[in-house]
Amino acid sequence: MRQLQLPAFSFTDKQRKFRQEVRSFLQTEKELGTFKTHADSWLSGYSSEFSRKIGEQGWIGITFPKKYGGQARSSIDRYIVTEELLAIGAPVAAHWFADRQSGPLLLKFGTEEQKDYFIPKIIKGECYFSIGLSEPNSGSDLASLKTTATKVDGGWIVNGMKTWTSGAHHSHYMITLCRTSPQDSNFRHGGMSQLIISLKSKGVSIRPIQYLTGEHHFNEVFLENVFVPDNRVVGEIGNGWAQGMTELAFERSGPERILSTFPLLEEATKIMVEQGDHRGLMEVSKLVSRMWSLRNMSIGIASLLENNKDVGLAAALVKDLGNSFEQRVAEVIRLLLSTLPDKHSTDEYSRLLAECILHGPGFTLRGGTTEILRGIVAKGVVSV
Amino acid sequence: MSEMKSFIEETTEKMLKDLSTKELRERFEKGEWIKSLWDAIQESGLTLLGINEDQGGVGGDFEDIFAILRITGKYAAPVPLAEVLYANHFLANQEGEVKDKLRVVQFEDGSGKELKSVPYARYVEEVIVISDAGYKVVNLSRTEIVHKENLAAEPRDTVRMSFQTEIKSMDSSYEEVLEDYTNYLALSRVAMMTGAMESVLALSIFYSKERQQFGRALHKFQAIQHHLTAMAGETAAAYATLAATSAAYKTEAAKEQIAMAKIEVSTNVNVVAKAAHQLHAGIGMTYEHELHHFTRRLWAWREEGGNETYWSDQLAKIYVTRKESIWEWITNVKGAQAHAGSTI
């Protein structure tokens, strides 16, 4: 089955040199105290100061065209930056969705005015986006969403509610998937559109949903008669579902589906090496083997995406396997180095272990639950 | 990767699809050497793959070899191609030239009289016995062979030698050759397991579409979809792992990558086998159904060339002595360590 056959990819010397450059920068910043290593830092690590620094380096929107201030570099270079940021657990949540999804979406479907307006700000690490998809009654069954946009003179009036919106309390904009034609059971994925809603607009109210630790990452976003001008519609009216799906392969197969708990694995390994814990390191080697194997898949996909190949099926697999791996790291490590996990501990290991355990439930839910992904894969393989 | 890789992959796939059938494998298990299959493999030059033409070979490289071995696993071909290839390579390296023969290598365990687990000994012409002293080529027509087999009924015989054979010196140490063979055997089995996983998945997909229960095809049930995804995931992971490791086979990173590949694919053998048997239910545990030709091979091959315990022991030793962090090694970029504890 060709779709399951991902090629080997090796980084060039130039790419390895670039990785070195990114890593040195991050290490220096960390030593200066700019940030502290956290597990799952793409959800939990918010720092607009840090995002601006990364922007100054040219590492946000690194693949974006030069005419908007980007570097027009390859998606492999973006892969390298992303990996290094996650491996060191840097606070990347602020610019995360703009870099990964919203920027590429606007470049692909946006108007020239939208690109001119948003892209340079995204690249500087000054303009943050949230993604408005899930609703209280539309989770895995996203196509049943109810938020509506009604045409008025010069724009649209949006009413409805979004939930699980990561970072909405910090973000400037939300790309909102909403219904612009009535629901049609014969054409479930039709009639939806993507609107850029300024989160400062009149009629927008944001209420925190506390994560099970009490941390504030997610939000409910209420939209009451929010006016969105015509020039803030992304792409075509009615084409929102298809547009939103185009970036999914990037989203599902990226390093963030494998590395959310990597800082714990690295820290635990360091301690076991110091202690000469041979049995512990044997177990570590099995985790490392798994990570390496998933990374081979993920990079194989990245190299195919660079050539515009369809890799949706393999991408869904990487997310499913990667998320299970992320959870397993904490479950294996906790028995190798016993401690009381404590998210407030000054001991790095204890703190990271607590973060990995407590953030675990979200890994297999966000961006498509395990159950949904497995349905996609099963449909894909039986249809070949 | 040599330019001919996709060509020989295609022709081998065609050949084995026609020749390595269920009926033929059943005959093999009843004690018949499938000469027609072996002759076809020899005639196509596969037994001399990766050996230079001036040494009597047909050219190509190790990436080609592992690509072909994946296909032999996919068709569960009852032949010792991996072992014969190594033996031919060994002789070509030692003697500068090789003539194709049905031969395998085995390492002496100390007694000098008995060799255990010799692949296909009852069918091969000669065994190259490697010891501290060097190597000797033992003709098997004059030895006593006790039939033994692995879980997949592939011969792993005991050979008793009662005569002296000339010992020739090697240009590498015993330890070096043993390590080289172990690495090769491990990656061979990774390749073959990858192929076998592909077939297990294909059989499962076919059955999930064909079999109906509660008025629906099996694949419509979410519980079955989980099984299909588990198999597809591990098959894709094995393929990507094989691709990466074959490409690195002759590099410095080879040993560690082979170790990881063998750990990974061996570990996931039972994810695949278990899901497939659960999905096939009763029919899959009969001798009549083909599924066990692949699942038994998966269970056999995960033990050969070092299992997960063997290789994780090797890796743990490397971790203790290596100065690099996991991340530096994985990315093959040295420098500032990415782990949390390295800061002030």
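Residues numbered from 1 in each chain as written. Chains lettered and ligands numbered in written order. Predicted model: local features only at pLDDT ≥ 70, side-chain atom pairs only at ≥ 80, totals over all residues. Heavy atoms only, no water.

Visitor: Honestly, the interface of chain A and chain B in this entry has me stumped. Any pointers?
Guide: A common way to report how large an interface is uses the accessible area buried once the components associate. On the side of chain B, 58 residues touch chain A, which itself brings 53 residues to the contact. Roughly 5000 Å² of surface becomes buried between chain A and chain B when both sides are summed, with 66% attributable to carbon and sulfur atoms. Linking chain A to chain B there are two salt bridges. Notably, a salt bridge pairs E264 of chain B with R290 of chain A, separated by 2.8 Å at the nearest N-O pair. At the junction of chain A and chain B, the tally comes to 17 residue pairs in polar contact (both at pLDDT 80 or more). Of all elements in the fold, only α1 (13-31), α4 (75-87), α9 (262-275), α10 (278-306), α11 (312-336), α12 (348-363) and α13 (370-383) of chain A reach the threshold of two or more residues within the side of chain A that touches chain B. For the side of chain A that touches chain B, the leading source of residues is α10 of chain A, giving 15 residues. Of the residues contributing to the side of chain A that touches chain B, the split by class is 25 nonpolar, eleven polar and 17 charged. (Contact = heavy atoms within 4.5 Å. Buried area = accessible area lost by both parts, 1.4 Å probe. Salt bridge = Lys/Arg side-chain N within 4 Å of Asp/Glu carboxyl O. Polar contact = N/O pair within 3.5 Å; in protein donor to acceptor, adjacent residues only side chain to side chain. Helix = DSSP H or I, 4+ residues; strand = E, 2+ residues; numbered from the N terminus. Nonpolar A, V, L, I, M, F, W, Y, C, P; charged D, E, K, R; others polar.)

Visitor: What should I look at first to understand the packing of aromatic side chains in this one?
Guide: In this description, a pair of aromatic rings is defined by centroid distance and the angle of the planes. Enumeration over the complete set of coordinates arrives at 30 aromatic pairs over all chains. With centroids separated by 6.2 Å and ring planes inclined at 80 degrees, the aromatic side chains of F18 of chain A and W59 of chain A adopt a geometry described as edge-to-face. Of the two residues, F18 of chain A is situated in helix α1 and W59 of chain A in the loop between α3 (48-56) and α4; the sequence distance between them amounts to 41 residues. The two residues F18 of chain A and W59 of chain A agree in class, both being buried. With a centroid separation of 6.3 Å and an interplanar angle of 75 degrees, the aromatic rings of W33 of chain B and Y120 of chain B are classed as edge-to-face. (Phe/Tyr/Trp six-rings, centres within 6.5 Å; stacked < 30°, edge-to-face > 60°. Buried < 20%, exposed > 50% of the residue type's maximum accessible area, 1.4 Å probe, protein only.)

Visitor: So what exactly am I meant to see when it comes to the packing of α11 of chain A against α13 of chain A here?
Guide: Residues and elements named next belong to chain A. Contact geometry for α11 and α13: axes closest at 9 Å, N-to-C directions at 145 degrees. Here the hand of the crossing between α11 and α13 comes out left-handed. Across from L313, A316, L317, K319 and D320 in α11, the residues of α13 making contact are T370, L373, R374, I376, V377, G380 and V381. In the contact of α11 with α13, the residues fall into seven nonpolar, two polar and three charged. (Axes fitted to C-alpha atoms, helices over the stretch in contact; angles between N-to-C directions. Left-handed = near helix turned anticlockwise from the far one by under 90°.)

Visitor: Honestly, the domain arrangement of chain A in this entry has me stumped. Any pointers?
Guide: Residue and element names in this part refer to chain A. Once the domains are mapped, chain A shows domain 1 (2-128), domain 2 (131-239) and domain 3 (245-383). Its C-alpha centre places domain 2 at a distance of 30 Å from the equivalent point of domain 3. Regarding the contact of domain 2 and domain 3, the summed buried area is about 510 Å², with carbon and sulfur atoms giving 60% of it. When residues of domain 2 are sorted by the area they lose upon contact with domain 3, S140, Y211 and T213 head the list and together hold 69% of the total. The tally of links between domain 2 and domain 3 comes to zero salt bridges. Linking domain 2 with domain 3 are two residue pairs in polar contact (both at pLDDT 80 or more), by the criterion used here. A breakdown of the residues in the side of domain 2 that touches domain 3 according to their chemical character gives two nonpolar, three polar and one charged. (Domains from an automatic or database assignment.)

Visitor: How should the layout of surface pockets be read in this particular structure?
Guide: Over the atoms a probe the size of a water molecule is rolled, and this reveals where empty space is left. There is about 850 Å³ of room inside the second largest pocket. Put simply, the parts of the chain that give the lining of the second largest pocket at least two residues each are α11 of chain A together with α1 (5-19), α4 (62-74) and α7 (222-247) of chain B. Split into classes, the residues belonging to the lining of the second largest pocket amount to 15 nonpolar, six polar and twelve charged. (1 Å grid on protein atoms, 1.4 Å probe; cavity = no way out; pocket = protein on both sides within 12 Å on 5 of 7 lines; lining within 4 Å. Points joined across faces, edges and corners; volume = space filled by probe spheres on them.)

Visitor: What exactly am I supposed to notice about the sheet that holds strand β2 (residues 114-119) of chain B here?
Guide: Residue and element names in this part refer to chain B. Read from one edge of the open sheet, three strands run β2-β6-β5, paired in antiparallel fashion. Bordering the open sheet on either side are β2 and β5 (144-146), each of which pairs with just one other strand. When strand polarity is set aside, the average angle formed by the axes of neighbouring strands in this sheet is 30 degrees. Inspection of the sheet shows β2 paired to strand β6 (residues 156-160) by four bridges, in the antiparallel sense. The residue of β6 that forms the bridge with V118 is D157. (Pairing = 2+ DSSP bridges.)

Visitor: Even after reading the chapter, I still don't get the environment of S193 of chain A, so can you show me in this structure?
Guide: Residue and element names in this part refer to chain A. When you line up the elements, S193 lands in strand β5 (residues 192-198). In this structure S193 comes out as buried when scored by relative accessible area, which is 0%. Setting aside residues no more than four positions away along its own chain, S193 makes contact with T176, L177, C178, T180, E236, I237, G238 and G240. At 2.8 Å, the side chain of S193 and the backbone nitrogen of G238 are in polar contact.

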